[in-house]
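Close look at the chain arrangement
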Amino acid sequence: MKNWPLWEVFVRSKNGLEHRHCGSLHATDATMALENARDVYTRRNEGVSIWVVPSAAITASNPEDSGELFEPAKDKAYRHPTFYNLPDELKHM
Amino acid sequence: MEAIFENRIANDQKIEPKDWMPEKYRKTHIRQISQHAHSEIVGMLPEGNWITRAPSLRRKVALLAKVQDEGGHGLYLYSACETLGISRDELFEQLHSGEAKYSSTFNYPAVTWADMGAIGWLVDGAAIINQVALCNTSYGPYARAMVRICKEESFHQRQGFEIMLTLAKGTPEQKAMAQDALNRWWWPSLMMFGPTDAESVHTEQSMKWKLKRKSNDELRQQFIDQTVPQAELIGLTIPDPHLKWNPEKGSYDWGEINWNEFWQVVKGYGPCNRERISARRKAWDNGKWVRDAAMVYAEKRETDEFKKAI
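Presented here is a report on the structure given in the accompanying data block. Keep in mind it's a predicted model, so treat the numbers as computed, not measured.

A look at the overall build of chain B
- Each helix and strand in chain B was counted, giving 12 helices and 2 strands.
- The linear arrangement of helices and strands in chain B, starting from the amino end, is α-α-α-α-α-α-α-α-α-β-β-α-α-α.
- In summary, chain B has a C-alpha radius of gyration of 21 Å against a globular reference of 19 Å for 310 residues, a match within 12%.
- Counting only C-alpha atoms, chain B reaches 75 × 55 × 35 Å along its principal axes.

Considerations on the interface of chain B and chain A
- Taken together, the contacts link 24 residues of chain B with 23 residues of chain A.
- Between chain B and chain A the total buried area reaches about 1900 Å² when both faces are included, carbon and sulfur atoms providing 52% of it.
- Of all residues in chain B, the largest losses of buried area upon contact with chain A belong to B:Lys18, B:Arg148 and B:Met295, amounting jointly to 28% of the total for that side.
- Our count for the chain B to chain A interface comes out at 5 salt bridges.
- One salt bridge connects B:Arg301 with A:Asp29, and the closest N-O pair in it is separated by 3.6 Å.
- The tally of links from chain B across to chain A stands at 11 residue pairs in polar contact (both at pLDDT 80 or more).

A closer look at the packing of helix α2 (residues 23–48) of chain B against helix α5 (residues 114–132) of chain B
All names here are of chain B.
- Two numbers describe how α2 lies on α5: the axes approach to 12 Å, and their chain directions differ by 170°. Put simply, α2 runs roughly antiparallel to α5. Counting all contacts with α2, which are made through His 36, Glu 40, Pro 46 and Glu 47, the residues of α5 involved are Met 116, Ile 119 and Gln 131.
- For the contact of α2 with α5, a count of residues per class yields 3 nonpolar, 2 polar and 2 charged.

Scoring rules and cut-offs
Residues numbered from 1 in each chain as written. Chains lettered and ligands numbered in written order. Predicted model: local features only at pLDDT ≥ 70, side-chain atom pairs only at ≥ 80, totals over all residues. Heavy atoms only, no water. Helix = DSSP H or I, 4+ residues; strand = E, 2+ residues; numbered from the N terminus. Rg over C-alpha atoms; globule rule 2.2 N^0.38 Å. Contact = heavy atoms within 4.5 Å. Buried area = accessible area lost by both parts, 1.4 Å probe. Salt bridge = Lys/Arg side-chain N within 4 Å of Asp/Glu carboxyl O. Polar contact = N/O pair within 3.5 Å; in protein donor to acceptor, adjacent residues only side chain to side chain. Axes fitted to C-alpha atoms, helices over the stretch in contact; angles between N-to-C directions. Parallel < 35°, antiparallel > 145°, perpendicular 65-115°, else oblique. Nonpolar A, V, L, I, M, F, W, Y, C, P; charged D, E, K, R; others polar.

What follows is the structure, given as structure tokens:
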């Protein structure tokens, strides 16, 4: 018999905050995944909203490609406010 | 590549599932995380048996919540373990075949209500000491699971200690029951920290990968030093005639663990080894039709909806 598929669980801890990944679980379908997520990940009021996503539906970047993906941002210091030299007398900007 | 990897860990960087890792790192982590998960699941058995016999509704809801937490902790850990490329079914198979181990403490029986107190106070107390160190371990999913677990675990120890406290303050029979539970659980709790440093084969590697922060003997001493005053506070006696405060060391001297018993239980000859595994197997085998039926139902509903759509 086929194994129950894996789901990734995302929980919003309170309104105003984003959903955050908190773990995974096995369930036959989305309804069961939501019910199980409630029992496994929100036993102590950890959430006001849950997303469940089939793990197989997630496309993830590969750590081996991290260089070409993320390194170009490293030498662009001019994207940060501290790159700019301003006089000390200027208190707020 | 291995040198870069070890260097990352030495610099407190976390390792995540898709990162390259040495095969030995993967295997060791599968072994340790699954052993940890199995301990949570098997640990539900001695306590689950007492839920219907709890002496009050207050005790019953607390014990029920504790056992449910243990199920949850097992699930966090199984998920973390699966990120290393092993399936949930393979993990269960390893538990049921005896290939994977779980904490030997759960091979001792819980014979009276006071055992619920002693287990929470001592077994969970020892587990917390081991687990706090793991919140900072090098494998990201394991460390994250441990953070969640540690947050939830302290209620377990407090509810256990409260049971012991109440019994110790009760009738002479109740106090004797608490003392008897302490007598039986003290040494198995000390054994939870594993063999002595001299005998421990994995320590060096585990320290390097931050699967361990302190040695077995150091953690055991920490447990003794923190637990002895707690026993004194509720008027119970630690069952060790050699236990004595050593002012020079600033810690307790204590007797000798029965290592022969320790190895017997590890090798499968403890009082409940067979019973625990057979209970797990029975639950798994008897639940098969439910798992299969749920899967077929989900697939059928999906097909029906697909048909409706066209």
